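Examining the three-dimensional arrangement
Residues per chain are reported as follows:
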Amino acid sequence: MAIIIDPIADMFVRIKNAIARKYHEVNVPSSQKKMKILEIFKKEGYITDFEEFKNPKNHDFKEIKITLKYKGINQNQSAISGLKRISKPGLKVYSPATSLPKVLSGYGTVIVSTSKGLLTDKEARKANVGGEVLAFIW
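Bear in mind that the values here come from a model prediction, so they are computed numbers and not experimental data. The residue count restarts for each chain, going from 1 along the sequence in the order it is written. Totals for whole chains, interfaces and linings use all residues, but because this is a predicted model, local features are given only for residues with pLDDT of at least 70 and pairs of side-chain atoms are given and counted only at 80 or more. To get the side-chain values, take all heavy atoms of the structure and skip hydrogens and water.

Focus: the pairing of strand β9 (residues 117-120)
Strands were regarded as paired on the criterion that DSSP finds at least two bridges between them. Each helix is a run of DSSP H or I of at least 4 residues and each strand a run of E of at least 2, with the numbering of both proceeding from the N terminus. The sheet contact formed by strand β8 (residues 109-114) and β9 spans four bridges and is antiparallel. If you follow S113 over to β9, its bridge partner there is L118.

See the structure below:
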């Protein structure tokens, strides 16, 4: 088993690969931070659902099953057009509340880790808190 240096980036790559292959579900190793990020994805309408479960091969190991969302006439276009990790383990990116970035002029979502937990850019502006810019999703 490989050591994952950046688990959030690993989750994003798994989601991107599943979308490229038109899969409707993808499994990722579980963590509290990933669960919070997926809550934001679900609330913003990028995924249908997610649930944590115990790995049948190793009961000490939990995974998250993510149900991807597709739209369009034939349900063949993913709700996620793009996903980008901004702050990385080797380079943290912080932003004050007054200058939080916007994705696609506000049509996308920025995920920010603040003192009040993980928030979207809109929620962080409303609460007037800045923090670490984790990811962009559109």
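Topic: unusual backbone geometry
Both trends apply: most residues other than glycine have a negative phi, and most peptide bonds are in trans. Although it is not a glycine, Q75 adopts a positive phi angle of roughly 55°. Following the sequence through the fold, Q75 ends up in the loop between β4 (70-71) and β5 (77-78). One non-glycine residue, S105, lies in positive phi territory at about 55°. Working definition: with a 1.4 Å probe on protein chains only, accessible area under 20% of the residue-type maximum means buried, over 50% means exposed, and in between means partly exposed. Look at S105 and you get exposed, because its relative accessible area is 67%.

Side note on the sheet that holds strand β2 (residues 47-54)
Strand order across the open sheet formed by three strands is β1-β3-β2, with antiparallel pairing between neighbours. The open sheet terminates on both sides in strands that have one partner only, identified here as β1 (25-29) and β2. Going across the sheet, the axis of each strand differs from the next one's by a mean of 25°, ignoring polarity. Relative to strand β3 (residues 62-68), β2 runs antiparallel, the two sharing seven bridges. In the sheet register, E52 faces β3, and the bridge partner there is I64. Where helix α1 (residues 7-20) meets the sheet, it contacts β1 and β3, and its direction lies at approximately 165° from that of β1. Every axis in this analysis is a line fitted to C-alpha atoms, fitted for helices over the stretch in contact. Angles between the N-to-C directions lie between 0 and 180 degrees. Pairs of residues are marked as contacts when any of their non-hydrogen atoms sit within 4.5 Å.

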